[in-house]
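Geometric and topological summary
Single-letter residue listing:
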Amino acid sequence: MESDNAPCVEFKEIGKFLGEHWVFRGIDAQIPNAQVTAIIGASGSGKTTLLRLINGLYRPDEGEVTVLGEDIPQKSQHLFRRKIGYAVQGAGLFPHMTIESNITKLARLDGWTQDQIQIRLDELLRLTDLDFEMKERYPHELSGGQQHRVSLCRALMLEPKLLLLDEPFSAIDAITRNEIQDSFVALQRQLRFSAVLVTHDFREATKLAHHLIVLGNGTIEQQGALQAVIDEPASSFLQELVETETNP
Amino acid sequence: MKSIVLVTFAIVLATVLAIAGCGQKATYVIGSKQHTESHILGELLAQTLETAGYTVDRKFNLGGTKIVFNALQQGDIHAYAEYSGTIQEVILKESRTLTLGEITTALAKLGIQTLEPLGFNNSYAMGIHEDLATETGLSKVSELRNYPDLRFFFSHEFLEREDGYPSMKAHYGLPQSADGIEHALALRAIVAREIDVTDLYTTDAEIDHFNLVVLEDDLEFFPKYLAIPIVRDDLPEEVKQLLNVASNSLSDQTMAGLNYQVHIEERPTSDVAREFLATLNVQSTHETETLMDKLVERTIEHLYLAGIALFAATLVALSISIAVYSIPWLSKPIAYIAGLLQTIPSLALLALMVPLFGIGTLPAIVALFLYSLLPIIRTTVTALSTVDPVLLQVAEGLGYTRAQSLIHVKLPLSMPAIFAGIRISAIICIGTATLAAFIGGGGLGDLIFQGLQLDDTRLILIGAASAALMAIIAELLFEGVEKLIIPGHIAAANRISNDPVVA
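Below you will find a few notes about this structure. This one's a predicted model, so the numbers in the text were calculated from it and none came from an experiment. (Residues numbered from 1 in each chain as written. Chains lettered and ligands numbered in written order. Predicted model: local features only at pLDDT ≥ 70, side-chain atom pairs only at ≥ 80, totals over all residues. Heavy atoms only, no water.)

Right, let's get into helix 21 (residues 457-485) of chain B. Residue and element names in this part refer to chain B. Its 29 residues give helix 21 an end-to-end C-alpha distance of 42 Å, which sits within 8% of 42 Å, the value for a rise of 1.5 Å per residue. Of the residues making up helix 21, those classed as buried are Leu459, Gly463, Ser466, Ala467, Met470, Ala471, Ala474, Phe478 and Glu482. Buried residues in helix 21 make contact with helix 14 (291-324), helix 19 (402-432) and helix 20 (445-454). By the N-cap criterion, in which a side-chain oxygen at the helix start approaches the backbone nitrogen of a residue two or three places on, helix 21 is capped by Asp456, the distance to Arg458 being 3.1 Å. (Helix = DSSP H or I, 4+ residues; strand = E, 2+ residues; numbered from the N terminus. Expected span 1.5 Å × (residues − 1). Buried < 20%, exposed > 50% of the residue type's maximum accessible area, 1.4 Å probe, protein only. Contact = heavy atoms within 4.5 Å. Polar contact = N/O pair within 3.5 Å; in protein donor to acceptor, adjacent residues only side chain to side chain.)

Let's shift gears to a nonpolar patch on the surface. Residues Met292, Val296 and Ile300 of chain B make up a contiguous nonpolar surface patch of roughly 300 Å² in combined accessible area. Along the chain, the position of Ile300 of chain B falls in helix 14. (Patch = residues over 30% accessible without salt bridge, like charges linked within 9 Å, V, L, I, M, F, W, Y side chains within 5 Å. Areas by Shrake-Rupley, 256 points an atom, 1.4 Å probe, with all protein chains shown as cover. Salt bridge = Lys/Arg side-chain N within 4 Å of Asp/Glu carboxyl O.)

Our focus in this paragraph is the pairing of strand 3 (residues 79-83) of chain B. Residue and element names in this part refer to chain B. The buried fraction of strand 3 amounts to 5 of the 5 residues, a majority that puts the element mostly inside the structure. Neither face of strand 3 is exposed, since Ala79, Ala81 and Tyr83 on one face and Tyr80 and Glu82 on the opposite face are all buried. Relative to strand 10 (residues 227-232), strand 3 runs antiparallel, the two sharing 5 bridges. Note on strand 10: the bridge partner recorded for Glu82 is Ile228. (Pairing = 2+ DSSP bridges.)

By a widely used convention, the size of an interface equals the accessible area lost when the partners come together. Counting residues at the interface gives 20 residues for chain B and 23 residues for chain A. Summed over both partners, the interface of chain B with chain A buries about 2100 Å², with 67% contributed by carbon and sulfur atoms. Considering only the side of chain B, the residues that lose the most area to chain A are Leu398, Tyr400 and His489 of chain B, jointly responsible for 27% of the buried surface there. Our enumeration of links across chain B and chain A arrives at 1 salt bridge. (Buried area = accessible area lost by both parts, 1.4 Å probe.)

Turning to the pairing of strand 7 (residues 162-166) of chain A, a few remarks are in order. Residue and element names in this part refer to chain A. The buried count for strand 7 comes to 5 of 5 residues, which makes it a mostly enclosed element. Covered by surrounding structure in strand 7 are Leu162, Leu164 and Asp166 together with Leu163 and Leu165, the residues of both alternating faces. Examined bridge by bridge, strand 6 (residues 84-88) and strand 7 share 5 bridges and lie parallel to one another. Along strand 7, the bridge assignment pairs Gly85 with Leu163. Of the strand pairs in this sheet, strand 7 and strand 8 (residues 194-198) are connected by 5 bridges, and their pairing is parallel. The residue of strand 8 that forms the bridge with Leu162 is Ser194. Remark: the strand 7/helix 6 (residues 174-191)/strand 8 crossover connection has right-handed handedness. (Right-handed = clockwise from strand over helix to strand, strands pointing away.)

Turning next to the side chain of Thr86 of chain B. Inspection of the secondary structure assignment puts Thr86 of chain B in helix 4 (residues 84-91). Discounting residues that sit within four places of it in the chain, Thr86 of chain B has contacts with Lys33, Thr65, Ile91 and Tyr225 of chain B.

All names here are of chain A. Ordered by their spatial adjacency, 4 strands build an open sheet running 2-1-4-5, and the pairing between neighbours is antiparallel. Strand pairing shows two members of the sheet lacking a second neighbour, strand 2 (21-31) and strand 5 (70-71), which therefore form its edges. For strand 4 (residues 62-67) and strand 5, the ladder comprises 2 bridges, and the chain directions are antiparallel. Bridge pairing in strand 5 links Val67 to Glu70. Seen against the sheet, helix 1 (residues 47-54) touches strand 1 (9-18), strand 2 and strand 4 and runs at an angle of roughly 120 degrees to strand 1. (Axes fitted to C-alpha atoms, helices over the stretch in contact; angles between N-to-C directions.)

In short, the description is geometric, and any link to function would need to be established separately.
What follows is the structure, encoded as structure tokens:
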């Protein structure tokens, strides 16, 4: 295991070409361990692209990405991805699987024993305030908020050191979102995983993240600890965000 | 393709076991075409061999001269009764009138031996109503010249074939032109005196029944259609001798009488054949199948044909679809080819199988198999390639392998569509299998063809209704299975969840 001081994810001179243009170039960034890092920026700034470079869904056209102390492998990427939790906008639960299957299927495929699975599942359901009776239900029988909690459970099932969240809470109503955000903060405090959160919601970023990466104009405009960024926003875009969100 | 090999192997094995299981004496296959007279003659040959202790497999209702003759040449059947005129024209394609000796020599070159003629000549003849004959005194074809106003209506085949009406008109110098009509309709119309002259066969059961008079072919226009059993020349001498049982013992009148019993009195061909054999001192103990026996037997055959074809088609179509769905340049041509197969009329596809696989169950299954591929391939490829991309991205991001994503996400989500494809194929299979009888594949089509041939609506309805019932049961069965294995909301929400969402 790498030392706690080593970054969880490190981008070195990253460039990504998509479609007909560079999404960004020259990205140098470090994502700290055991903290929540939010990637923010205007739409089209490449937030999701940057996230997908972490678990190998995209490959960089320039530069190197190091994740959990190692380069992204060329082969058997699925084994690499199983060390990283993943959740997306709208929960993305498999509609044909029960809640239990949604959460535990991959553990089963990964060779976990029934006991291991049961213990982990119950722990996650408890941590996310989900009713045990829900295990047998299908996703469409759950509320939007419950579905998102299940999505978090699924992402955390294999005990990942790193969790990737792509606008995970953006498709739900404000009240439910608040509750889940609170749960998430509690969850992270308890399990101490590292997380990278893509969001277009600055308020969400300030609530959940310890660390910010601000994307803009095809590169990183600013990165650093949350408070440092809020205190000294480096771009007008950020300046505006900080003002509207912190002084309602 | 592997499953085709398996199916073929299974069928060959089953046939070998069936033959081996019969024990003492060999099994011979007797064929017949789809008309009553051919059936009766087939029964005569079949029961003669059975009486001598052989086992006989009947491949009746074969669709047309070429199919039966090819089957004989390929060894799918061992014997059937053919007409000299048909041999000359359809098989040897000779426009000149051949003598029996010439026919025998020509067939011998094809490995086929002609036995003794049965005695009757089932040729074309001109028929008029008895009353018209009385009123006009008409008795010979040449006398038709004197009645230019008579209304001539002929079967389409007679109107069109070379030795049909155009030649006859020239031969006799007749002034009348003629129109086409269905044979069965022609007889009714002639009785109603709506038409005056039509073509008949000299052994037609209807001649007596409808009070018709056959005009004498006084200028000898019509070729002879002598009925002759023809057999493969590699049959044992003893069997050939047996098949000569009815040589020269069936006059035109006797044959017309037998046809009458079947066609008008609606007696089973096997009964009529058995009683006639008794007059030749052949005591056949062949028991006529009851309708129930027939129905059960044909239903089982039908299920077998449709079931194996559907099973093989499902396996092959799913394998192909899974292999190619993600490669558009491959999946499109494959769907196109499968679609092309579908546009071949089912009867034609069945007929096309005969040169490749002979007659019987195998070619029927192969044809049904090919026919069932498209619906399954099309629905499966479409379903697999339109699964919600968000779900696939989540599966990939979480660490599902490609195979795991296919097995645990894509396939289950595509199940409702795949099932729909299989259901459509099942219905097509069951419906099309009724045509298998055409190439000796058996099934419920046998009842329908028999009914058509005997003008027996009840038999047609029983065959058709059973096939329809089978289709409905299959439909319900699939619905049940679908409910068991696919969660209800997936079946219902399949289309909705396929809405692509871009994260």
